[in-house]
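Read off the chains here:
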Amino acid sequence: MGFRCVDRVRLISDVVPSVHSSESSSPSKLTTDSGAGGSDGASASASSRNSVHRKLELGRILAENAAFNEETEVEDADHLSTLDARPLVLHTGSQCNIRCPQHSSAVQVKPVMVSVGTQTERFEHQTSTPLPSPVPSEDDSSCNGMDQYDASWNPDEEMSSEDSEEEYPAEPTPESPNDHNVPDKFIVCRSHLLSLFTICPVCNGETKGQIDYQEGTYIKIKQVCTACGYHRLWQNQDMLHRNMPACNLLLSGAIHFSGCMVTQTIRMLKLFGLQCISTSTYFRHQRLYTIPTIVKAWQHEQKEVISELKTIGGGLILSGDCRSDSPGHCAKFGSYSLIEDRINKVLDLQLVQSSEVPSSSWCEIEGLKRSVRFLKDQDLQLSAIITDRNRQVAKWVREELCPEGTRHFFDIWHIGKSVQKALDATAKERGCEDLKLWRPAIINHLYWTAASTPNGDPNVMEAKWCSMVNHVQDIHEHGGTAFPHCAHPPLEGEAREKEWLEPGSTAAIKLEGIAMRGALVKDIRQLLP
């Protein structure tokens, strides 16, 4: 700095002005050190003789630094307006740079002042407005109440490891509901789904989600941020035991429980472009999960129905029928069902395979035998049973159940269907066209025969049915004791909607042959009242 003194000098600590002290010392006070550093009387005398020279040199140095500070302050007024003025003044302190070439050990230099001057040089070269710090997030409670800009660095404070290590928020664990079928499900396109993973939730940087794994309706997306290192794995549904996606099983159950064809359903979903399970996966779910679930639910429901019937008391009134997997005499399975008419609930189900019986036509009688055996094991008594006109079933009930006090009735719908088919076939013959007009009335008369006999008297029902043959010929007196005449009033004028059949005509004879068949009349006696 221009000093060429052979004598050793030292600066007093308050020679140069500083903002760190409220009272500045005069910059022109420069004296010799008479005590510190081991100086003798000769040093003090030499310093006194050259005091004028040192004052002039030091004044020139301070004037140059002051001019440089004014230029720097004008240029960076906008940049440093919000910052502490301490680093700027510290930069001008000549204590940092004033060193004698002799490197005298008597010169006072504080390391703290040198460190602060280094930070000031960083702001000196800044040419743009400093950007504000990112807005603190709600999760970062330590940033609440702080300024937008970073605080000045203090070398006396130690750097903590917590400030250098960035903490990432823990990935939220999805809450799995107890019932996975309760939440609604939506169809989302691939591009719109991946667009949700383009922004890092931590640093708001640009990321790119990639499909890490896909199985049926299940998809796992991996998101990695190269800027901050954040990563996560996202999945669109919960996982059940054995890492099985929940919606895959729900889809198999929906197809099975609704009775839809699995091949058609999956083909429709694939044509739509929807990711779904395969046929093999469906049958595996059916074998391991859906069928055992159905069996367990049915057993629980059956126990409740049996308990309810035991509470009601009395004999059971059952309606039973068999349904085959295919029509004709080539069925492989037959399912026999029994319904309790008083509570209108299914009481028992029996599945019979055709290989267990002589032929597929025996599946119905075998299913009925198994159901009756099961009900007897539950200490339930049969009061009445209603079936179709199957001859095997009728014989077995007559021989096995009727001696025990069980009454056997035929379902009227099956008898009416048989009569209707016979009338339609006869009405196509020549001279029998009028039977087509009488067919609805004859079927209604069959239902009236059963409904008008609440006590189920077989003789009365037979007489009512046979009176129909006379009625269509305009004969309303029958001469019997059970039903001597028709129950309707005289039909005249508009009350007659159809022409009467001529007695002895072909249509009347054909009708009498259909209605008076021995098997049909015998079954009429067992109509369900």
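That block above? That's the structure.
Note that the coordinates shown come from a computational prediction; the quantities given were computed from them, not determined experimentally.

**Student:** I'd love a proper account of the nonpolar core, names of residues and values included.
**Tutor:** Counting residues in each nonpolar core, the largest one holds 28 residues, and the members touching the most others are Ile415, Val419, Ile442, Trp465, Met468, Leu511 and Leu527. Listed by contribution, the elements that provide at least two residues to this core are helix H12 (412-427), helix H13 (434-451), helix H14 (458-471), helix H15 (506-515) and helix H16 (518-524). When residues in this core are grouped by element, the largest group, six residues, is from H13. Those residues in contact with Met468 that lie beyond four places of it in its chain are Ile442, His445, Leu511 and Ala515.

**Student:** I'd like to hear about the pattern of salt bridges, residue by residue, with values.
**Tutor:** Applying the stated criterion across every chain, the model contains 10 salt bridges. A salt bridge links Arg391 to Asp523, with the shortest nitrogen-to-oxygen separation between them at 3.0 Å. Of this pair, Arg391 sits in helix H11 (residues 391-401) while Asp523 sits in helix H16, and the two are 132 residues apart along the sequence. In this structure Arg391 comes out as partly exposed when scored by relative accessible area, which is 45%.

**Student:** Tell me about the environment of Tyr213, and name the residues and values.
**Tutor:** With respect to the element layout, Tyr213 can be found in strand E1 (residues 208-215). You can call Tyr213 partly exposed: its relative accessible area is 40%. Considered as a pair, Tyr213 and Gln235 are 22 residues apart in the sequence and their alpha carbons are 9.2 Å apart. Ignoring any residue separated from it by four or fewer positions in sequence, one finds Tyr213 in contact with Tyr218, Ile219 and Lys220.

**Student:** Tell me what's going on with the environment of Tyr218, and back it up with residues and numbers.
**Tutor:** Relative to the helices and strands, Tyr218 is located in strand E2 (residues 218-224). Residues Tyr218 and Ile277 lie 59 residues apart in sequence; the distance between their C-alpha atoms is 9.4 Å. The residues contacting Tyr218, other than those within four sequence positions of it, are Tyr213, Gln235, Asn236, Gln237, Met239, Pro245 and Asn248. Within the local environment of Tyr218, its side chain forms a polar contact with the side chain of Gln235, the two groups lying 2.8 Å apart.

**Student:** Quick one: what's the story with the sheet that holds strand E8 (residues 345-353), residue by residue and with numbers?
**Tutor:** Taken in spatial order, the five strands of this open sheet run E8-E7-E6-E9-E10, and their pairing is mixed. For this open sheet the edge positions go to E8 and strand E10 (407-410), each flanked by a neighbour on one side alone. Taking the axes of each pair of neighbouring strands and ignoring which way they run, one obtains an average angle of 25° across the sheet. Relative to strand E7 (residues 333-340), strand E6 (residues 316-324) runs antiparallel, the two sharing seven bridges. When the sheet's bridge partners are listed, Arg323 is paired in E7 with Ser335. Contacts from helix H9 (residues 279-312) reach E6, E7 and E8 within the one sheet, and its direction differs from that of E8 by about 130°. Together, E6, E7, E8 and strand E9 (382-387) form the strand contacts of helix H10 (residues 363-377), whose direction differs from that of E8 by roughly 130°.

Cut-off values and rules
Residues numbered from 1 in each chain as written. Predicted model: local features only at pLDDT ≥ 70, side-chain atom pairs only at ≥ 80, totals over all residues. Heavy atoms only, no water. Core = buried A, V, L, I, M, F, W, Y, C linked by side-chain atoms within 4.5 Å. Buried < 20%, exposed > 50% of the residue type's maximum accessible area, 1.4 Å probe, protein only. Helix = DSSP H or I, 4+ residues; strand = E, 2+ residues; numbered from the N terminus. Contact = heavy atoms within 4.5 Å. Salt bridge = Lys/Arg side-chain N within 4 Å of Asp/Glu carboxyl O. Polar contact = N/O pair within 3.5 Å; in protein donor to acceptor, adjacent residues only side chain to side chain. Pairing = 2+ DSSP bridges. Axes fitted to C-alpha atoms, helices over the stretch in contact; angles between N-to-C directions.

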